[in-house]
Amino acid sequence: MISLRNSVGMLSNVSRQLIQTISFHGLRVQGLRVGNTEIPNDKRLETSLQHVYGIGRSRAHQILCDLNIGNKLTKELTGVELNSLREEVSRYLTGEDLRRCIKNDVERLVDIQCYRGIRHSQGLPCRGQRTSTNARTRKGKRVAIPGKKKPTR
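Structure report, in brief. This structure is a prediction, so every number in the text was calculated from the model and none was measured.

## A few points about the packing of aromatic side chains
- Within the structure shown, the criterion is met by 0 aromatic pairs.
- The side chain of Arg 99 reaches across the aromatic face of Tyr 53, ending 4.0 Å from its centre.

Here it is in structure tokens:
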């Protein structure tokens, strides 16, 4: 039984190394898949985990602390560490699932016609920010009003 476990671990390491070196029609595969996202090989693990939508700095640090994995390069991960990392990331709401959840929440606000929903539908900020002089991110580029001229000096 022990030899079987060692051979499975060895096979996963060999397959990981093969995946890293295989090239498809001149394109070299760079990175590992975690949380349905390709994370880069040449960065530290805490930084590369942030490429997954929904994982920021604090969540990446928390995941590494829970797994007792040091902040090493992504390509230095063993097969066991990679599997445990994938399991830990799958416990959180990330990627397309998180995007879908946020989209549904905004649609619900728009449907019930609450203040925040109306502001979302109008494309204006909904958290109380001033709109007379700022809010260019939500409102878009300025549009000149025809017929209105700047005062001359």
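## Brief notes about the nonpolar core
- Val 34, Leu 49, Ile 55, Leu 77 and Leu 85 are the most contacted members of the largest nonpolar core, which totals 15 residues.
- When contributions to this core are tallied by element, the ones reaching two or more residues are β3 (32-34), α3 (57-67) and α4 (79-90).

## A closer look at the layout of surface pockets
- As a volume, the largest pocket reaches approximately 230 Å³.
- Considering the residues around the largest pocket, the lining is formed by 14 residues, among which Gly 35, Asn 36, Thr 94, Gly 95 and Asp 97 are closest to the centre.
- Every element with two or more residues in the lining of the largest pocket is listed here: α4 and α5 (95-111).
- Considering every element that reaches the lining of the largest pocket, the biggest residue donor is α5, with 4 residues.

## Let's talk about unusual backbone geometry
- Of note in the backbone geometry, Asn 68 takes a positive phi value of approximately 55° without being a glycine.
- Looking at where Asn 68 falls in the secondary structure, it is placed in the loop between α3 and α4.
- Here Asn 68 falls in the exposed class, since its relative accessible area comes to 71%.
- Of note, the phi angle at Ala 135 is positive, near 65°, even though the residue is not glycine.
- Judged by its relative accessible area of 16%, Ala 135 is buried.

## Quick look at the side chain of Thr 37
- Within the secondary structure, Thr 37 is located in strand β4 (residues 37-39).
- Beyond its immediate sequence surroundings of up to four residues, Thr 37 is in contact with Leu 32, His 51 and Val 52.

## Remarks on α3
- Buried within α3 are the following residues: Ala 60, Ile 63 and Leu 64. Within α3, the buried residues cover an arc of 95° as seen down the axis, which keeps them to one side.
- In this structure, the buried residues of α3 make contact with α2 (45-48) and α4.

## Observations concerning α5
- With 17 residues, α5 extends 25 Å from end C-alpha to end C-alpha; this agrees with the ideal 24 Å at 1.5 Å per step.
- Along α5, the residues that are buried comprise Gly 95, Leu 98 and Leu 109. Angularly, the buried residues of α5 cover 85° about the axis, an arc narrow enough to put them on a single face. Within α5, the exposed residues directed more than 90 degrees away from the buried face are Glu 96, Lys 103 and Asp 111.
- Buried residues in α5 make contact with α6 (115-122).
- Following α5 by one or two positions, Gln 113 has its phi on the positive side, about 55°.

How each quantity is defined
- Residues numbered from 1 in each chain as written.
- Predicted model: local features only at pLDDT ≥ 70, side-chain atom pairs only at ≥ 80, totals over all residues.
- Heavy atoms only, no water.
- Phe/Tyr/Trp six-rings, centres within 6.5 Å; stacked < 30°, edge-to-face > 60°.
- Lys NZ or Arg CZ within 6 Å of the ring centre and 35° of its normal.
- Core = buried A, V, L, I, M, F, W, Y, C linked by side-chain atoms within 4.5 Å.
- Buried < 20%, exposed > 50% of the residue type's maximum accessible area, 1.4 Å probe, protein only.
- Helix = DSSP H or I, 4+ residues; strand = E, 2+ residues; numbered from the N terminus.
- 1 Å grid on protein atoms, 1.4 Å probe; cavity = no way out; pocket = protein on both sides within 12 Å on 5 of 7 lines; lining within 4 Å.
- Points joined across faces, edges and corners; volume = space filled by probe spheres on them.
- Contact = heavy atoms within 4.5 Å.
- Arc of directions from axis to C-beta.
- Expected span 1.5 Å × (residues − 1).

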